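# Descriptive analysis of the structure
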Amino acid sequence: MNSEINDLNRQFGLGEGLRFIAVEDLPMIEIASPAASARIAVQGAQVLEWQPAGQQPVLWVSRAAVYQAGKGVRGGVPVCWPWFGAGEPGKPAHGFVRTRMWHVRQTGQDEQGIFVRLGIRDDASTRAIWDYAFDLELVVRAGATLGMELVTHNTGASPFSITDALHTYFRVGDIAATDVLGLENTAYLDKVGGFSQSTQTGAVTFDGETDRIYLDTQAECVIDDRNLNRQIHVAKTGSDTTVVWNPWTEKEKGFADMASGEYREMLCVETCNAATDVIIVGPGERHSLIAQVRLA
Ligand code: TA6
């Protein structure tokens, strides 16, 4: 692992601004700039930490998270692709890219901060699960705003359809003192209620397990955290569905990589194309899913 880390630092390191380290057996990208600090796992191109200067951490990662090859880390921003949710029987939930090693393609700095481009392409093992040729790239910009762009490129000769998500876990002071604004009067599928359809009345509030796919919405969401006295803005493009999820007490118990009571300090507001919001990508075409996170 040391030689791999040394090679990555030689090729892509940016001095103290961006360096590679190993956490257990996973290569990580550490970003430190005057605007913000961040950590990204090369496996799954998973942003794990983002902390603007002078602010508390914005993303949540479980204290019981596992850092092992082939295992997703519970928290940060898992990339769900080429499907969101349960796949066909015998296929992994939320697709197969979040547990695979991606490749670092470029690092750099511009007016929006330090950026990293990571990519993954089809191979025999992915075609055995999903028989299409693709190039998938995540561009992360970690500055005063956290920008994430997931670019799907169909490199094959036939069209394919995907659902996808930037499955972002946010840190909150207390879920019971947290609301989500921006989804008022929006239809949603309620996974807790057997995917029955309802319409959101007022802000989304939390007093139990909440797992909802909000439909046909391009809205910017605001996580209003009365405990930490801050508002997290989640803007998006290329996404027509937003998922809001908190496992609460019972579902939390089912996750070996969540510590007891952690449900109180986390909330997922996910930037998606999910459920009936299916994206068809023609041969040679690209589709971008973009999330922009900032503190107000
Ligand atoms: O996005 C919400 C959700 O689909 C929940 O239903 C729950 O399954 C969550 O994702 C976590 O999924 P994971 O496969 O990461 O444990």
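Reading the values: rules and limits
- Residues numbered from 1 in each chain as written.
- Predicted model: local features only at pLDDT ≥ 70, side-chain atom pairs only at ≥ 80, totals over all residues.
- Heavy atoms only, no water.
- Helix = DSSP H or I, 4+ residues; strand = E, 2+ residues; numbered from the N terminus.
- Core = buried A, V, L, I, M, F, W, Y, C linked by side-chain atoms within 4.5 Å.
- Buried < 20%, exposed > 50% of the residue type's maximum accessible area, 1.4 Å probe, protein only.
- Contact = heavy atoms within 4.5 Å.
- Phe/Tyr/Trp six-rings, centres within 6.5 Å; stacked < 30°, edge-to-face > 60°.
- Pairing = 2+ DSSP bridges.
- Axes fitted to C-alpha atoms, helices over the stretch in contact; angles between N-to-C directions.
- pLDDT = per-residue confidence, 0-100.

### Description of unusual backbone geometry
Glycine aside, negative phi is the norm for most residues, and most peptide bonds take the trans geometry. The peptide bond linking tryptophan 81 to proline 82 adopts the cis configuration, its omega dihedral lying at 5°. Position of proline 82 among the secondary structure elements: in the loop between strand S5 (79-80) and strand S6 (103-110). One non-glycine residue, glutamate 24, lies in positive phi territory at about 50°. Within the fold, glutamate 24 resides in the loop between strand S1 (18-23) and strand S2 (26-32). Positive phi values are uncommon outside glycine, yet alanine 275 reaches one of about 60°.

### Quick look at the nonpolar core
Core analysis: the largest hydrophobic core is formed by 79 residues, its most contacted members being Trp81 and Trp102. When neighbours within four sequence positions are excluded, tryptophan 81 is seen to be in contact with His94, Gly95, Phe96, Val97, Trp130, Phe134, Leu136, Leu150, Thr152, Ile162, Thr163 and Asp164. Within the second largest apolar cluster, 10 residues are counted, among which are Val23, Leu26, Ala41 and Val61.

### Thoughts on the packing of aromatic side chains
As enumerated under the stated definition, the model contains 15 aromatic pairs in all. Ring centres of tryptophan 81 and phenylalanine 96 lie 6.3 Å apart, and the angle between their planes is 80°; on these two criteria the pair is classed as edge-to-face. Note that tryptophan 81 is positioned in the loop between S5 and S6 and phenylalanine 96 in the loop between S5 and S6, a separation of 15 residues in sequence. Neither tryptophan 81 nor phenylalanine 96 differs from the other in exposure class; each is buried. Linked through ring pairs, Trp81, Trp83, Phe96, Trp130, Tyr132, Phe134 and Phe160 together constitute an aromatic cluster.

### Regarding the sheet that holds strand S13 (residues 178-181)
Reading across the sheet, the 8 strands line up as S6-S7-S8-S9-S22-S18-S17-S13 and stay open at both edges, with antiparallel pairing between neighbours. Edge strands, defined here as strands with exactly one partner in the open sheet, are S6 and S13. Recorded for the sheet is a direction-independent mean angle of 15° between the axes of neighbouring strands. Where strand S17 (residues 221-225) lies against strand S18 (residues 230-237), 5 bridges are found, and the strand directions are antiparallel. Residue pairing across strands places aspartate 224 opposite glutamine 231, the latter belonging to S18.

### Here's the deal with the confidence of the model for the chain
Do not read the predicted coordinates in detail wherever pLDDT is low. In this model, the chain carries an average pLDDT of 97, and 100% of its residues clear a pLDDT of 70 or more. Here helix H1 (residues 2-12) stands out as the least confident element of the chain, with mean pLDDT 95; strand S12 (residues 169-171) is the most confident, with 99.

### Notes on the sheet that holds S2
Strand order across the open sheet formed by 4 strands is S1-S2-S3-S4, with antiparallel pairing between neighbours. Because the sheet does not close on itself, it has two edges, and the strands there are S1 and strand S4 (46-52). Taking each pair of neighbouring strands and ignoring which way they run, the sheet shows an average axis angle of 20°. Of the strand pairs in this sheet, strand S3 (residues 36-41) and S4 are connected by 6 bridges, and their pairing is antiparallel. Directly across from serine 37, in S4, lies its bridge partner glutamine 51. Where H1 meets the sheet, its contacts fall on S1 and S2, and the angle it forms with S1 comes to roughly 170°.

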